Amino acid sequence: MALLPILVYPDPRLHTVARPVQEVDARVKKLVAQMLETMYDANGIGLAATQVDVHERLVVVDVSDERNQPLVLINPEIVWASAEKQVSDEGCLSVPGIYDGVERAQAVKIKALDELGHPRTIEAEGTLAVCIQHEMDHLLGKVFVEYLSPLKRNRIKTKMLKARRETVRA
Ligand code: NI
């Protein structure tokens, strides 16, 4: 199965707000399989459909060391978030090479459909909670660098655009 191209910040398509998945049909199942393959190939712990230019509410995640515990969240909704926060260094397959601290809820409870279309409730904390919140932000058109200061964000933007120009020249 072919890998999907990942959009790179500051691609404006990363700011698209995703619409709900209407039905977990063969098309969606194929997309899930392709997104998982793309995430594993890129050594990421999460990937949102937005990042592969599909603007539907669907994310895949795997924070296990063995890379064998895929979690598929279709139409995810956060139904509870802890008041307790944590700051951790985040990275993103759409912002390669950049890592910086972001504050998020330490624990969250999510309702979503799984890859078979069955409703599930997931309680997550620590890295998994951070990863899910990061991926769900993508579905709202938000990239983690938007939590950083405008100065940092502009530096990152410049660096990404420069890297892209060099790729085009190569
Ligand atoms: Ni990301």
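An account of the accompanying structure is given in this report. What you see is a predicted model, and the numbers here were worked out from it, not measured in a lab.

What follows is about the overall build of the chain. Broken down by element type, the chain carries 3 helices and 7 strands. Moving toward the C terminus, one meets the helices and strands of the chain in the order α-β-β-β-β-β-β-β-α-α. Expressed along its principal axes, the backbone C-alpha trace of the chain runs to roughly 45 × 40 × 30 Å. Classification of the 170 residues of the chain by burial places 46% in the buried group. Partitioning the contacts of the chain with sequence separation of at least 6, the portion at a separation of at least 24 is 66%.

Below, the discussion takes up the sheet that holds strand 3 (residues 71-81). Spatially, 1-2-3-6-7 is the arrangement adopted by the 5 strands of the open sheet, whose pairing is antiparallel. In this open sheet, the two strands that pair with only one neighbour each are strand 1 (46-48) and strand 7 (119-125). This sheet shows a mean twist of 40° between the axes of neighbouring strands, independent of strand direction. Two elements, strand 2 (residues 58-61) and strand 3, share 4 bridges in a ladder whose sense is antiparallel. Bridging from a neighbouring strand, Val 61 pairs with Leu 71 of strand 3.

Looking now at the environment of Arg 27. Mapped onto the secondary structure, Arg 27 falls in helix 1 (residues 26-41). You can call Arg 27 partly exposed: its relative accessible area is 45%.

Our next topic: the environment of Asp 114. Counting through the fold element by element, Asp 114 comes out in the loop between strand 6 (107-113) and strand 7. Taking the C-alpha atoms as reference points, Asp 114 and Gly 91, separated by 23 residues in sequence, lie 25 Å from one another. When sequence neighbours within four positions are dropped, the list of residues in contact with Asp 114 reads Val 24, Val 72, Ile 74 and Arg 120. Reaching out from Asp 114, the side chain makes a polar contact with the backbone nitrogen of Leu 116 at a distance of 2.9 Å.

So, about unusual backbone geometry. Omega for the bond connecting Tyr 9 with Pro 10 falls within 30 degrees of zero, at 5°, which places this linkage in the cis form. Topologically, Pro 10 is positioned in the segment before helix 1. Phi at Arg 67 takes a positive value of approximately 60°, unusual for a residue other than glycine. Along the polypeptide, Arg 67 turns up in the loop between strand 2 and strand 3. Exposure remark for Arg 67: the relative accessible area of 25% places this residue in the partly exposed category.

Parameters and conventions
- Residues numbered from 1 in each chain as written.
- Predicted model: local features only at pLDDT ≥ 70, side-chain atom pairs only at ≥ 80, totals over all residues.
- Heavy atoms only, no water.
- Helix = DSSP H or I, 4+ residues; strand = E, 2+ residues; numbered from the N terminus.
- Buried < 20%, exposed > 50% of the residue type's maximum accessible area, 1.4 Å probe, protein only.
- Contact = heavy atoms within 4.5 Å.
- Pairing = 2+ DSSP bridges.
- Axes fitted to C-alpha atoms, helices over the stretch in contact; angles between N-to-C directions.
- Polar contact = N/O pair within 3.5 Å; in protein donor to acceptor, adjacent residues only side chain to side chain.

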